[in-house]
Amino acid sequence: MMPGHGGPASALIAVFTAIFTAVVFLLIQPVFWSPSITAAMAVVVIGIAVIAYYRPHNGLLVLAALTPLGDVWSPLLGYRMRGGEALVLAFLAGALTRGW
């Protein structure tokens with residue numbers, strides 16, 4: 001066993017984290033190509049991911065403030081998506097990427 005490594009348990013955790021990160025990115029990627037997502041919503045989703053990457057604790061605060069509003073402002077602004085879920089996935093993508 002190499003110094004600084006936790007053995008099989010940490011390797012298993014790393015594998016599960018990699019799989020979970022891939023699933024989250026697979027779910028968030030329609031923000032880049034779906035015609036039903038406006039540029040403003042894409043900017044908000046990407047912004048949450050960037051904040052979560054650099055400052056996960058601040059990203060969580062922004063997420064807590066915007067997620068309840070996401071279900072209200074998404075239909076009002078004509079978005080055909082679930083805003084709250086998109087913001088949560090963006091946060092997870094940013095935070096998990098930082099973990100790597």
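Structure shown above.
Attention here is on the structure that accompanies the text. The structure presented is a predicted model; accordingly, all values stated were derived computationally and were not measured.

Notes on the overall build of the chain
Scanning the chain from N- to C-terminus turns up four helices and zero strands. Listing every helix and strand of the chain by position from the N terminus yields α-α-α-α. Within the span of the chain, comprising 100 residues, buried residues form 30% of the whole. Considering only residue pairs separated by 6 or more positions, the chain has 66% of its internal contacts joining residues 24 or more positions apart. Total accessible area on the chain stands at roughly 6500 Å², and carbon and sulfur atoms take up 75% of it.

Structural notes on the packing of aromatic side chains
On inspection of all chains with the given rule, the structure shows one aromatic pair. Between Y53 and Y54, the aromatic rings sit 4.9 Å apart at their centres with planes inclined by 90°, giving edge-to-face as the arrangement.

Observations concerning a nonpolar patch on the surface
A cluster of nonpolar residues, L12, V15, F16, I19, V23 and L27, forms a patch on the protein surface that exposes about 560 Å² of accessible area. Examined against the element boundaries, F16 turns out to sit in helix α1 (residues 8-28).

Topic: the environment of T67
Summarising the element assignment, T67 is placed in helix α3 (residues 56-76). For the pair formed by T67 and R82, sequence separation is 15 residues and the distance between their alpha carbons is 10.0 Å.

What to know about helix α2 (residues 39-54)
Taking 1.5 Å of rise per residue, the 16 residues of α2 would be expected to cover 22 Å, and the 22 Å separating its terminal C-alpha atoms lies within 8% of that figure. When we look at burial in α2, the residues that qualify are M41, A42, V45, I48, A49 and A52. Taken end-on, α2 shows its buried residues confined to a sector of 125°, consistent with a single buried face. Opposite its buried face, α2 presents the exposed residues A39, V43 and Y54, each directed more than 90 degrees away.

The rules behind these values
- Residues numbered from 1 in each chain as written.
- Predicted model: local features only at pLDDT ≥ 70, side-chain atom pairs only at ≥ 80, totals over all residues.
- Heavy atoms only, no water.
- Helix = DSSP H or I, 4+ residues; strand = E, 2+ residues; numbered from the N terminus.
- Buried < 20%, exposed > 50% of the residue type's maximum accessible area, 1.4 Å probe, protein only.
- Contact = heavy atoms within 4.5 Å.
- Areas by Shrake-Rupley, 256 points an atom, 1.4 Å probe, with all protein chains shown as cover.
- Phe/Tyr/Trp six-rings, centres within 6.5 Å; stacked < 30°, edge-to-face > 60°.
- Patch = residues over 30% accessible without salt bridge, like charges linked within 9 Å, V, L, I, M, F, W, Y side chains within 5 Å.
- Salt bridge = Lys/Arg side-chain N within 4 Å of Asp/Glu carboxyl O.
- Expected span 1.5 Å × (residues − 1).
- Arc of directions from axis to C-beta.

This is a description of form; function is not addressed.
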